[in-house]
Amino acid sequence: MKKYLIAGIVSLLFLTGCWDERQFKNVKLVLSLGFDQGEEGQIIQTVSIPSVSRATEGPGSESLQILSTSAHTPLQARGKIDRMIPESYDPAKVKVIVLGEDLAKQDIYPILDDMYRNPRSNLNAYLAVVEEGTAQDVISMNHTGATRISNYISGLLEAAVSSTHATGENLQLLCAELLEPGIDFSIPLLKIEDDGNLLTFSGMGLFHDKTYTGEKIGAEQTTLYMLLQGEKGRVARLTKKIDDHGKDEILDYITVSVAENDRKMKIENKDGEIAVTINLDMKVKIVEYPSDHLYVKGRIEEIGKKLSKKLTDESVDIISQVQEANSDVFGIGRRVKAYHPEVWKELDWREEFPEISIEPKVKVEIIQHGIIN
Amino acid sequence: MTNPPQQMTQQNEQKLSQRQFFFIIVQTQIGVGVLSVPYELHSVAKQDSWISLLLGAVAIQVLLVGIWFVAKNFPHDTLFTMNDKMFTKWVGRPLSILYIFYFIGVGTLIILLFSRMISIWVLPNTPLWVMALLMVTVCMYMVGGGLLVLGRLYTMLSFLLVFLLCLIIFSTKETHIMYLFPMLETGWGKIFAGINKAIFSFFGFIVSLVIFSKVEGTNKQKLKTIVMAHWFVTLFYLFTVFASFTFFSTSELPLVPEPVLYMLKTFSLPIIARIDLFFISIWVINVATSFATYLYLSSLGLSDLFKRHSQNQWIVVVGICVFSISIYIGLDMSKIETFNKVVTYSGYIFSLTLPLIMVPVSYLRKKKDKGGAS
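If you're wondering where the values come from, they're calculated on a predicted model, not measured in any experiment.

Visitor: Where do I start with the packing of helix 6 (residues 147–157) of chain B against helix 12 (residues 275–305) of chain B in this structure?
Guide: A packed helix pair is summarised by two numbers, namely the angle formed by the two axes and the spacing between the axes. Residue and element names in this part refer to chain B. Here helix 6 crosses helix 12 at 160°, and the two axes come no closer than 11 Å. Our classification of the angle between helix 6 and helix 12 gives roughly antiparallel. As helix 6 runs across helix 12, the sense of the crossing is left-handed. Between helix 6 and helix 12, the residues in contact are Leu147, Leu150, Tyr154 and Leu157 and Ile285, Thr289, Ala292, Thr293 and Tyr296, respectively.

Visitor: Teacher, can you tell me more about helix 8 (residues 188–202) of chain B here?
Guide: Because the α-helix completes a turn every 3.6 residues, residues three or four places apart line up on one side. Under the 1.5 Å per step criterion, the end-to-end length of helix 8 of chain B is 21 Å for 15 residues, consistent within 8% with the ideal 21 Å. Taken from the residues just after helix 8 of chain B, glycine 204 of chain B is the one with a positive phi, measuring 130°.

Visitor: Whenever I open this one, the state of the cysteines confuses me. Can you help?
Guide: Two cysteines whose sulfur atoms are joined by a covalent bond form what is called a disulfide. Residues and elements named next belong to chain B. Per the stated rule, a full pass over the model turns up zero disulfides over all chains. The thiol of cysteine 321 is unpaired, and the distance to the nearest cysteine sulfur, on cysteine 139, comes to 16 Å. Given a relative accessible area of 32%, cysteine 321 falls into the partly exposed group.

Visitor: Teacher, can you tell me more about the environment of serine 154 of chain A here?
Guide: Residue and element names in this part refer to chain A. Following the sequence through the fold, serine 154 ends up in helix 7 (residues 149–162). Relative accessible area serves as the criterion here: at 6%, serine 154 is assigned to the buried category. In the structure, serine 154 is positioned 105 residues away from isoleucine 49 in sequence and 16 Å away in space, judged by C-alpha atoms. With residues up to four places along the chain from it excluded, the contact list for serine 154 reads Lys95, Val96 and Tyr126. Side-chain polar atoms of serine 154 contact the backbone oxygen of serine 150, separated by 2.9 Å.

Visitor: Got a minute to help me understand the domain arrangement of chain A in this structure?
Guide: The parts lose accessible area when they come together, and the size of an interface is often stated as this lost area. Residue and element names in this part refer to chain A. Per the domain assignment, the segments of chain A are domain 1 (25–219) and domain 2 (235–373). Once you take the C-alpha centre of each, domain 1 and domain 2 turn out to be 32 Å apart. Of the residues lining the interface, 18 residues belong to domain 1; the matching set on domain 2 comes to 18 residues. With both sides pooled, the region where domain 1 packs onto domain 2 buries about 1,300 Å², and carbon together with sulfur makes up 53% of that total. Summed over the shared surface of domain 1 and domain 2, the number is two salt bridges. Linking aspartate 209 and arginine 350 is a salt bridge whose minimum nitrogen-to-oxygen distance equals 3.8 Å. When contributions to the side of domain 1 that touches domain 2 are tallied by element, the ones reaching two or more residues are strand 9 (198–208) and strand 10 (211–218).

Visitor: How should the side chain of threonine 240 of chain B be read in this particular structure?
Guide: Here threonine 240 of chain B lies in helix 10 (residues 219–247). On the accessibility criterion, threonine 240 of chain B (1% relative accessible area) is buried.

Visitor: What exactly am I supposed to notice about the interface of chain A and chain B here?
Guide: Each side of the interface is counted separately: chain A has 33 residues, and chain B has 33 residues. Regarding the contact of chain A and chain B, the summed buried area is about 2,800 Å², with carbon and sulfur atoms giving 60% of it. Where chain A meets chain B, there are nine residue pairs in polar contact (both at pLDDT 80 or more). Only helix 1 (2–13), helix 2 (17–20), helix 5 (109–117), helix 8 (171–179) and helix 11 (332–339) of chain A provide two or more residues apiece to the side of chain A that touches chain B. In the side of chain A that touches chain B, the residues fall into 18 nonpolar, seven polar and eight charged.

Visitor: Sorry if this is basic, but what is going on with the packing of aromatic side chains here?
Guide: Any two aromatic rings considered together are summarised by their centre-to-centre distance and by the angle between their planes. Residues and elements named next belong to chain B. Within the structure shown, the criterion is met by 29 aromatic pairs over all chains. Ring geometry for phenylalanine 103 versus tyrosine 294: centroids 6.1 Å apart, planes at 50°, classification tilted. Of this pair, phenylalanine 103 sits in helix 4 (residues 79–121) while tyrosine 294 is found in helix 12, placing the two residues 191 residues apart along the sequence. With respect to class, phenylalanine 103 is no different from tyrosine 294; both count as buried. With a centroid separation of 4.9 Å and an interplanar angle of 80°, the aromatic rings of phenylalanine 247 and phenylalanine 248 are classed as edge-to-face. Note on accessibility: phenylalanine 247 and phenylalanine 248 belong to one class, buried. Feature note: the residues Phe80, Tyr99, Tyr102, Phe103, Tyr294 and Phe350 constitute an aromatic cluster, connected by ring pairs. The residue whose ring lies beneath lysine 222 is phenylalanine 212, and the NZ or CZ to ring-centre distance is 4.4 Å.

Visitor: Can you help me understand the confidence of the model for chain A in this one?
Guide: Note that predicted coordinates carrying low pLDDT should not be read in detail. Per-residue pLDDT for chain A has a mean of 82; in total, 93% of the residues score no lower than 70. Considering each helix and strand of chain A separately, the mean pLDDT is smallest for helix 2 of chain A, with a value of 70, and largest for strand 7 (residues 126–130) of chain A, with 89.

Visitor: Would you mind going over a nonpolar patch on the surface with me for this structure?
Guide: Taken together, Met183, Leu184, Trp188 and Phe192 of chain B make up a surface patch of nonpolar side chains, about 410 Å² in accessible area. In this structure, methionine 183 of chain B sits in the loop between helix 7 (159–171) and helix 8.

Visitor: Help me understand the pattern of salt bridges in this model?
Guide: Between side chains of opposite charge, a pair can form when the charged atoms approach closely. All names here are of chain A. Scanning all chains against the criterion turns up 17 salt bridges over all chains. Residue glutamate 314 is joined to lysine 240 by a salt bridge in which the shortest nitrogen-to-oxygen separation is 2.8 Å. Of the two residues, glutamate 314 is situated in helix 10 (residues 299–324) and lysine 240 in strand 11 (residues 237–241); the sequence distance between them amounts to 74 residues. Summarising the burial analysis for this pair, glutamate 314 and lysine 240 share the class buried. For lysine 309, the salt bridge identified is with aspartate 313, shortest N-O distance 3.2 Å. Placement of both lysine 309 and aspartate 313 in helix 10 is noted, with a separation of four residues, approximately one turn of the helix.

Visitor: What is the right way to read the nonpolar core from this model?
Guide: The nonpolar side chains of a soluble globular protein tend to be buried, and buried together. Grouped together as the largest cluster of nonpolar side chains are 164 residues, with contacts concentrated most on Ile97 and Leu99 of chain A together with Phe103, Ile211 and Trp283 of chain B. Per element, the largest residue contribution to this core is 21 residues, and it comes from helix 4 of chain B. Beyond its immediate stretch of four places on either side in the chain, isoleucine 211 of chain B contacts Leu16, Phe21, Ile24, Leu147, Tyr296 and Leu297 of chain B.

Visitor: Would you explain the packing of helix 12 of chain B against helix 13 (residues 311–329) of chain B in this entry?
Guide: Residues and elements named next belong to chain B. Contact geometry of helix 12 with helix 13 gives a least axis separation of 8 Å together with a crossing angle of 125°. On the basis of the axis angle, helix 12 is oblique to helix 13. Where helix 12 crosses over helix 13, the handedness of that crossing is right-handed. Contacts between helix 12 and helix 13 pair Phe291, Leu295, Tyr296, Ser298, Ser299, Leu300, Leu302 and Ser303 from the former with Gln311, Trp314, Ile315, Val318, Gly319 and Val322 from the latter. Here the contact of helix 12 with helix 13 is composed, by residue class, of nine nonpolar, five polar and no charged.

Definitions and limits used
- Residues numbered from 1 in each chain as written.
- Chains lettered and ligands numbered in written order.
- Predicted model: local features only at pLDDT ≥ 70, side-chain atom pairs only at ≥ 80, totals over all residues.
- Heavy atoms only, no water.
- Axes fitted to C-alpha atoms, helices over the stretch in contact; angles between N-to-C directions.
- Helix = DSSP H or I, 4+ residues; strand = E, 2+ residues; numbered from the N terminus.
- Parallel < 35°, antiparallel > 145°, perpendicular 65-115°, else oblique.
- Left-handed = near helix turned anticlockwise from the far one by under 90°.
- Contact = heavy atoms within 4.5 Å.
- Expected span 1.5 Å × (residues − 1).
- Disulfide = S-S within 2.5 Å.
- Buried < 20%, exposed > 50% of the residue type's maximum accessible area, 1.4 Å probe, protein only.
- Polar contact = N/O pair within 3.5 Å; in protein donor to acceptor, adjacent residues only side chain to side chain.
- Domains from an automatic or database assignment.
- Buried area = accessible area lost by both parts, 1.4 Å probe.
- Salt bridge = Lys/Arg side-chain N within 4 Å of Asp/Glu carboxyl O.
- Nonpolar A, V, L, I, M, F, W, Y, C, P; charged D, E, K, R; others polar.
- Phe/Tyr/Trp six-rings, centres within 6.5 Å; stacked < 30°, edge-to-face > 60°.
- Lys NZ or Arg CZ within 6 Å of the ring centre and 35° of its normal.
- pLDDT = per-residue confidence, 0-100.
- Patch = residues over 30% accessible without salt bridge, like charges linked within 9 Å, V, L, I, M, F, W, Y side chains within 5 Å.
- Areas by Shrake-Rupley, 256 points an atom, 1.4 Å probe, with all protein chains shown as cover.
- Core = buried A, V, L, I, M, F, W, Y, C linked by side-chain atoms within 4.5 Å.

Next comes the structure, spelled out in structure tokens:
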């Protein structure tokens, strides 16, 4: 009797799998999703579905199927796509979500709602916006090179993160900034170049509230832009023109790699007027400086000073772009709310932010200059 | 019966150690609620609710001293035999029965909330009865071993709390302290209203009153253990509250009923892609320990009331009761909410009001007994 009882209980343990098993052979994993603005308020969803057919010898060949459909909501579109493929498709492993520029200019939260609501979705996915193009173009891009498009895009974005061009915020980390008043965010922009053969990271698109403003920080400036936000990837390299010899153009330039980055933001309240100072102290290594002569006494300090001035000027430029787009990426509004709540209550931040004074102060200290002088 | 015969009730022989007592209290309190404590608190006093939590903890601290005072007047009784002595048989018996109902109610609520969580997060197609059955049978077996076995098991399982803490610490790499500001934005009124929610999350301390006499050591030592367990739980909660308040913004938290899990869903480790599922499987054990305590308490009450049977038979009875009630209520959201309200509000009576009434009664009773003896 007891033997049967134990056997019965043990077999109970195996029961749980029966209802919720999801077999790999029955699903198609979608690794990248694209959304575009369609007609009459509809959205166009584009997916690329890889299927591997096994060969008897050697590696299996992989074929890609690009499907596109328009519907009112992302889940409706998913249902439509499900009807086009033999298996059901599963977005639990999505790596990148690409939004067309037109769609990004509207409230993006409704597009992402399903991702946030479904427990199986991958909140670790990246979000990107296609500059001057549609997500459909990107997903169905016929790029040269063997990698899948989703690997291509996510690889591109990861590289941008590690070289301090992008924040690397995933869906979930964006969500707080999407919903919270007084904080805005920026999303990497992708651009198709070379007649659809090349995809490039073209900068960070500035968002206001939940919509893309159409303004961007160009890829040339994103490193400093990230540093101003207090973020640094694995490598942060800045190439700047510091001299004006007029002879050889290339000799005027210097490339430094940021070793340490310390950003402090000070928010002052002067009778209801908000004044912000962003202090950015950097310790850098010189990695490229063709005009040499670093052994001359005082030369290094001089370069440091020149670089500080150059970067401060550029920061002013970046900040004016940000203010123009009315995109409070520094989260100044939320800080005002946190530390000066009485001022916050009287302000309409939407109108106030472009007007406030933000003063950047960049200080560069050179700590190394490679193995030659 | 699922338990081996050699472990039939001989729990009175050896008493619980202080450490086991500590972990029984901790494991009972930290249970199904830990995932949603930050959300529940946040719904009242926003980013200031950690103050509510602390104030609630202080209030409970006062109550715990009261409970200790009651329990030390009856060094050889459980809650149920205490009731007889304090309120006479005619009031005490019905009171004990109500307490047993309350414990069964809490147990059922735990099973329901647990099944709902598993159903939403992990196994959407698995029917309720499977999850409830698995939990109830495992816990019946656990409780069948007696209080001492529970004590040992809880002590051993407590290393999992360290795991939970580590996972939460892992997710604090994306915190923004400024989300805690502005402080006192909602005003003291809301903060005091939030104490209500804070107290809910501490229910479970009543276990210290019931098993007080089954613990070895002086009264002073026991008080120390109770207080330590209470503050351990408070710190644990405070930590999860801080972690989720600084991770989610003030406007996002109302959208996320299980902030602790959601926070972990954001990250992935090289080996574990979904940390939240890993967390849930550890959390299940904490749920089991809380449920097992309530199962133990109600079966203990029944065997104290009806001395004819041994406790093991009552465990089966209570287990079947809990299972049937939870199947009856089902995973219907509104029904669970109603049931939740009923149970938590009766918690006010059984965990707060009645112990407070017992304080003067037990004192008078003891004085009277002494007077009669001398």
